[in-house]
Structures are given as C-alpha cells and as structure tokens.
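A look at the structure
If you want the building blocks of each chain, they are given just below.
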Amino acid sequence: MTRLKSEWIADIGNTIEECQEYLKKVTGRDFRTLVGNEKWPDNLKIAVIPITQGEGIIGNFAESVVAIVKAMGFNAYVTNDSDVAGIYEASLKNADVIFIADDKRFIAINMKNGKIADNNVATAIGYVNALEGGADGISDKKILLLGYGKVGKEIYKELISKGGTVTVYDEDQIKQKEMFETGVEMIENPNQIKDFKYLIDATNTGNWINEDMINRDVFIVSPGVPLSLSQNAYEKCRGRIIHDYLQIGVATMLRMVV
Ligand code: 2YG
C-alpha cells in the first residue's frame, strides 16, 4: 500500500468541486451516488483526527479528507488534538463519524452504530462502481485488472460479484503462481494490455504505461497511486479515465458506515 506524499494531495481542497463534476460527467455519478442510491442522513458531523504514529502526519491529508466530506454536503473538521486526545475531542463534540489513519490502516468509524470501513476495501468498491457507471454496466464487459495486491484482490472480488469477465495482469511471479493455482484468468505479456477496452489499474508503480500500450478506445479507472500512465497516455485518455489519490475511497468509506 502506497504512502501518500503531501504534494500529491496538496490541490484536493481547491479542486474538489471540479473533481466531482468530472466524476459526474464521466460516470453519471457524484460522491453521494457513486455507490448506490440509498438515502443519506440529513446532517452528519464528521471529525478527522491526525495520527502521529510511525512516520507521522502527512501534510494536507486530514484537510483533504475534510474537503471531500464537505463536498458531499456534510459538516467536517480536523480535530485540534491528534491521536487518542483527538478521538476524545471528537466524541466530546458528538461526532457521528471519525476518520483516522496510521501507517498500516486508514479507517472510518461510525461512533453511533459502530460500523467500520477500511480504505482498501472502500477504494476497491468505489472504483468498481466508477467503472460500472462509466462503462454503463459491468456484467457484459471484458475487464483487465492490473495489479493483484491488497486493493487488486478486493477489486477482483467486487468485479466477479457484479458478473464481470475479469483477466488479471501482474508482473510478480509469486502472484502469477497464486493466480494460476486459484484459477484466476491472467495474461503475462504487457503487450496484451491494449487488447482490453476496460482497465482497472491497481498497480502502485508510477509511469509504466505509455500510449502505445493501451487500446485507442480504452476506458480506465485507476485507484493505483502514483498513476501508471505516462503524461501523454493520460492526456490521450482525457474524459475516459478516472484517477484520484483519496476522493473516491473517502466518499465510499462514508457511504459504508452510514
Ligand atoms: O494522520 C496522518 O496525517 C497520517 N497518520 C496519515 C497516514 C496515512 C498513511 N496511508 C496512506 O498514505 C495511504 N494508504 C492512504 C490511502 C491512499 C488511497 N488509497
């Protein structure tokens, strides 16, 4: 799981509205409707608590989570205190949901009903739903999943549950062996990537896909950070690519706990 860099998320706060508009344009869904149309509570108080454990606080992280939740129409703030004191502060202020992340886990906890959402699972669910919206359904589509790590495996489960026909590409020989033994359809040659119109990229190596490696009509959703596409490949896919560092995962975490 990739540790975010402060500079990757520095602009989330001031581009969150345009990000949501782009998501709506490309998938027909916004942060509230990305994963189903269940009703949302009228008002929610959300606290984000900075956590100093391990490698410590990432600049812009808590503020970005607040910006995303505010763009969904809810009241959100970063606690003055960090860590346990911050959790206590949030409870004194009657927070309905708290977001906390250490070096190993990023979770949301509903303080009222005890529900917990993990960012890996939420990111997988959110991105599969973004693909479903952008591709206008999954069950009749051939999809290539790039990367069979923590998030990739969650995405694979979600795609299969939605009736998708999934092929996986992962360069790691151990993962290839695991996929072979568990009957996961796979390709081993990256030159076959361009045979697929629908891609989910869950790899965490940046800048390894150039424009002649992808299908000219590709629709790609990319939870993997940093982005695998080269700059010109990314430009070529404008309007047919969904990629962010936090937004879809955070929106889905909130959906999962309320
Ligand atoms: O509170 C803080 O500022 C830090 N303790 C946050 C640390 C987060 C570490 N985890 C990551 O950077 C990513 N796994 C978060 C999720 C990336 C999007 N999938």
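Starting from 1, residues in each chain are numbered consecutively following that chain's sequence as written. Per-residue local features of the predicted model are confined to residues with pLDDT of at least 70, and side-chain atom pairs are confined, for both listing and counting, to 80 or more; whole-chain, interface and lining totals are unaffected and use all residues. The side-chain quantities take in all heavy atoms of the structure and omit both hydrogens and water.

Further remarks concern the pairing of strand β9 (residues 198–201). Of the two faces of β9, both are covered, the one formed by Tyr198 and Ile200 as well as the one formed by Leu199 and Asp201. In terms of strand pairing, strand β6 (residues 142–146) meets β9 through four bridges, oriented parallel. In the strand pairing of β9, Ile143 is matched with Tyr198. For β9 and strand β10 (residues 219–222), the ladder comprises three bridges, and the chain directions are parallel. By the bridge assignment for β10, Tyr198 is matched with Phe219. The rule is simple: take the accessible area with a 1.4 Å probe, protein chains only, and divide by the maximum for that residue type; under 20% is buried, over 50% is exposed, in between is partly exposed. A run of DSSP states H or I qualifies as a helix once it reaches four residues; a run of E qualifies as a strand once it reaches two. Both are numbered from the N-terminal end. Whether two strands pair comes down to DSSP finding at least two bridges between them.

Before going further, it helps to examine the site of the ligand. For each residue, the test is whether any non-hydrogen atom lies within 4 Å of the molecule or strand; if one does, the residue is near. Neighbouring the ligand are 15 residues, the closest being Leu4, Ile51, Ile58, Ala101 and Asn119. What qualifies as a polar contact is a pair of N or O atoms within 3.5 Å, subject to a donor-acceptor requirement within protein and to the restriction that residues adjacent in sequence count only when both atoms come from side chains. Leu4 is positioned such that a nitrogen or oxygen atom in its backbone is 2.8 Å from an oxygen atom of the ligand. Note on areas: Shrake-Rupley with a 1.4 Å probe; residue coverage comes only from the protein chains shown. Here the ligand, which alone exposes 520 Å², has 94% of that area covered by the protein. Each residue receives one of three labels: charged for Asp, Glu, Lys and Arg, nonpolar for Ala, Val, Leu, Ile, Met, Phe, Trp, Tyr, Cys and Pro, and polar for the others, Gly being one of them. Residue composition of the shell around the ligand, by class: nine nonpolar, four polar and two charged.

On to the sheet that holds strand β11 (residues 241–243). Pairing is parallel in the open sheet, where six strands are placed in the order β8-β7-β6-β9-β10-β11. Two strands in the sheet have a free side with no partner beyond their single neighbour: β8 (186–187) and β11. Across the face of the sheet, helix α1 (residues 12–27) comes into contact with β10 and β11 while running at roughly 145 degrees to β11. Contact criterion: two residues are considered in contact whenever any of their non-hydrogen atoms come within 4.5 Å of each other. Axis lines are fitted through C-alpha atoms, for helices just across the contact stretch, and the angle between N-to-C directions can take any value from 0 to 180 degrees.

What follows concerns the pairing of strand β1 (residues 45–49). A large share of β1 lies buried, amounting to four of its five residues. In the sheet, β1 pairs with strand β2 (residues 75–78) via four bridges, with the strands oriented parallel. Paired with Val48 across the strands is Val78, a residue of β2. Tracing the backbone out of β1, into helix α2 (residues 61–71) and back to the parallel element β2 gives a crossover that is right-handed. In the sheet, β1 pairs with strand β3 (residues 97–101) via four bridges, with the strands oriented parallel. Its bridge partner being in β3, Ile49 is matched across the sheet by Ile100. Look down the strands so they point away from you; if the path from the first strand over the helix to the second goes clockwise, the crossover is right-handed.

Turning to the packing of aromatic side chains, a few remarks are in order. Aromatic contacts are taken between Phe, Tyr and Trp rings whose centres are within 6.5 Å, Trp giving its six-membered ring; a plane angle under 30 degrees counts as stacked, one over 60 as edge-to-face, and the others as tilted. This model, assessed by the stated rule, comprises six aromatic pairs. Taking 5.5 Å as the distance between ring centres and 45 degrees as the angle between the ring planes, the aromatic pair formed by Trp40 and Phe74 counts as tilted. Of this pair, Trp40 sits in the loop between α1 and β1 while Phe74 is found in the loop between α2 and β2, placing the two residues 34 residues apart along the sequence. Summarising the burial analysis for this pair, Trp40 and Phe74 share the class buried. A ring pair is formed by Tyr148 and Tyr156, whose centres lie 5.9 Å apart and whose planes are at 85 degrees; its orientation type is edge-to-face. Neither residue differs from the other here; Tyr148 and Tyr156 are each classed as buried. Among the aromatic residues, ring-to-ring pairing joins Phe61, Phe99 and Phe106 into one connected group. A cation over an aromatic ring shows up here: Lys142 above the ring of Phe196, its NZ or CZ 4.7 Å from the ring centre. When the ring centre of Trp40 is taken as origin, the NZ or CZ atom of Arg255, which lies over that ring, is 4.0 Å away. Distance and angle both matter: a charge sits over a ring if NZ of Lys or CZ of Arg is within 6 Å of the ring centre and within 35 degrees of the ring normal.

Attention now moves to the nonpolar core. Among buried residues, the Ala, Val, Leu, Ile, Met, Phe, Trp, Tyr and Cys ones that are joined through side-chain atoms within 4.5 Å form a nonpolar core. Phe99, Leu131, Leu246 and Leu254 are the most contacted members of the largest nonpolar core, which totals 65 residues. When near neighbours in sequence (up to four residues on either side) are disregarded, Leu131 contacts Asp136, Ile138, Ile143, Leu159, Tyr198, Ile200, Phe219 and Val221.

Honestly, that's just the spatial picture; any functional story needs more than this.
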